[in-house]
Amino acid sequence: MRLYNQSDKIKEIRGNLIFFCLLTLLMGCRQVGGLGKVQVTYSDVGAVNVRFESHGNPKHIAVFLVGESETAVLGSMKSQGNTHWFTPALKFTDRQDYEIRERGLTLAHFTIDNPKVAVAPEILAIYPNTDTVPENLLKIYLEFSLPIQEVGRALDFIKVSDGSNAETDIFLDLENELWNKAHDRLTLWLNPGRIKTDLIPNRELGMPLSAGKSYTIQVEPNWKSAHGKTLGRPYTKTFFVTKADCQKPTLSAWALNIPKKSTLLPLTLDLIEPMDAILLRETLSVISKTKGPLQGTIRLGREERTWAFYPEAAWEAGVYFLEVASRLEDLAGNNLNHLFDTDLRQDQDMGITSETKVREFVID
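Right, let's walk through the structure included here.

**Observations regarding the pattern of salt bridges**
Reasoning step 1: Under the defined criterion, the tally for this structure stands at 12 salt bridges.
Reasoning step 2: Close ionic contact of aspartate 131 with lysine 237 constitutes a salt bridge, the shortest N to O distance being 3.6 Å. Highlighted residues: aspartate 131 in the loop between strand E8 (123-127) and strand E9 (132-134) and lysine 237 in strand E15 (residues 235-242), separated in sequence by 106 residues.
Reasoning step 3: In this structure, the salt-bridge partner of glutamate 316 is lysine 291, at a minimum N-O distance of 2.8 Å. Remark: lysine 291 occurs in the loop between strand E18 (284-288) and strand E19 (292-293) and glutamate 316 occurs in the loop between strand E21 (306-311) and strand E22 (318-325); sequence separation between them is 25 residues.
Reasoning step 4: By relative accessible area, glutamate 316 is classed as partly exposed at 41%.
Reasoning step 5: Three or more residues joined by partner-sharing salt bridges are found here, namely Lys139, Asp276 and Glu329.

**With respect to the packing of aromatic side chains**
For any pair of aromatic rings, geometry is given as the distance between the ring centres together with the angle between the planes.
Reasoning step 1: Overall, the coordinates contain 13 aromatic pairs when judged by the stated rule.
Reasoning step 2: Summarising the aromatic geometry, the rings of tyrosine 98 and phenylalanine 110 are spaced 5.5 Å apart at their centres and angled 15° between planes, so their arrangement reads as stacked. Here phenylalanine 110 lies in strand E7 (residues 105-111) and tyrosine 98 lies in strand E6 (residues 97-102), a separation of 12 residues in the sequence.
Reasoning step 3: Overall, phenylalanine 110 belongs to the buried group, its relative accessible area being 6%.
Reasoning step 4: Taken together through their ring pairs, the aromatic side chains of Trp307, Phe309, Trp315, Tyr320 and Phe361 make up a single cluster.
Reasoning step 5: Just above the ring of phenylalanine 64 sits the side chain of arginine 101; from NZ or CZ to the centre is 4.0 Å.
Reasoning step 6: In this structure, arginine 299 is placed above the aromatic ring of tyrosine 310, and the distance from its NZ or CZ to the ring centre is 4.3 Å.

**What about the nonpolar core?**
Reasoning step 1: Ranked by internal contacts, the top residues of the largest apolar core, which has 32 residues, are Leu142, Ile158, Phe171, Leu209 and Trp223.
Reasoning step 2: Secondary-structure elements contributing two or more residues to this core are E8, strand E10 (139-144), strand E11 (158-162), strand E13 (185-189), strand E14 (214-219) and E15.
Reasoning step 3: Excluding anything up to four places from it in sequence, isoleucine 158 contacts Leu142, Phe171, Leu186, Leu188, Ile217, Gln218 and Trp223.
Reasoning step 4: In terms of nonpolar packing, the next biggest core, distinct from the first, is built from 21 residues, Trp254, Trp307, Phe309 and Tyr320 among them.

**Concerning a nonpolar patch on the surface**
Reasoning step 1: Among the surface-exposed residues, Leu172, Leu174 and Leu178 lie close enough to one another that they form a single nonpolar patch of about 190 Å² accessible area.
Reasoning step 2: For leucine 172, the position within the fold is in the loop between E11 and strand E12 (178-179).

**Let's talk about the sheet that holds E19**
Reasoning step 1: In space, the 4 strands of this open sheet follow the order E19-E18-E22-E23, with antiparallel pairing throughout. The open sheet terminates on both sides in strands that have one partner only, identified here as E19 and strand E23 (356-363).
Reasoning step 2: Of the pairings in the sheet, the one linking E18 to E19 comprises 2 bridges and is antiparallel in character. Bridge pairing links serine 288 to glycine 292 in E19.

Here is what the cut-offs are and how they apply
Residues numbered from 1 in each chain as written. Predicted model: local features only at pLDDT ≥ 70, side-chain atom pairs only at ≥ 80, totals over all residues. Heavy atoms only, no water. Salt bridge = Lys/Arg side-chain N within 4 Å of Asp/Glu carboxyl O. Helix = DSSP H or I, 4+ residues; strand = E, 2+ residues; numbered from the N terminus. Buried < 20%, exposed > 50% of the residue type's maximum accessible area, 1.4 Å probe, protein only. Phe/Tyr/Trp six-rings, centres within 6.5 Å; stacked < 30°, edge-to-face > 60°. Lys NZ or Arg CZ within 6 Å of the ring centre and 35° of its normal. Core = buried A, V, L, I, M, F, W, Y, C linked by side-chain atoms within 4.5 Å. Contact = heavy atoms within 4.5 Å. Patch = residues over 30% accessible without salt bridge, like charges linked within 9 Å, V, L, I, M, F, W, Y side chains within 5 Å. Areas by Shrake-Rupley, 256 points an atom, 1.4 Å probe, with all protein chains shown as cover. Pairing = 2+ DSSP bridges.

So this is what it looks like as structure tokens:
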């Protein structure tokens, strides 16, 4: 009886030793593949990358959506020692849960929780700012305070109605929408085929806008920023339509207000009519005959009818040039070289054109 009990005791001790060794081995393996703190790096456009530490082989480590069993998040992995950085090919989705796995084993979870998510986006401007537009208006811009989500069609969030509150379709539906690089400004084209005289859409459907009518643009409140926060309220703009604008803008006709030397007063232009707000910021520059292009700040006046240049340094006496890229347009798309609605069968505006127009002025 005593020998039997002693044998059982020996077996129990051996079993405990084996279990302890296996547990130690498993814990050691888990430590090798385990992670330190997971840190998400954010920028203005969202979550840029995730940083973590692991003794595992980065070739066998991948990032997955929680609940996704097979397809890893596309991206690139960079490593320095036991520290690794994973950068997704497409931005991480805000308020989404992710996990880091090595050979199918989940090592850690992390959630994209951008502090900017709490900030609702706003529409800063709907251009043109003027409440009166020509019948052949070509473009409308929406400018947002934050980058906007790329999911879905922009036109799903934009309604246009005429004075009788009937919805109307005035915009060109583009497969590749015209967002700027920061994805916080959208360009909406009114259908050019309906504006161009004698094109089939023009003959069959007529102009997108009709002179003598009022229209209201409404941006829906459920449009989301790239961080997943909605506008929260609708934005509207109402404008009245007048006759078509069939005149080119002319640099020589603009009133130029020249500042005095030794001052920081602005050089200002009265443009006579509203101009394309975005192009107006991009196409004008001031050049000194002796020092070349000047650095300064550009400000647009009410309804984009005036333009002002504030120099960084005081004006000096001398000869200057106001240089304007000819692609600058008025609201109807007429630039400094051509009318937008030009009949190519005629010889209108078919003379020599230039990329820039220049106007000289002198500060005494």
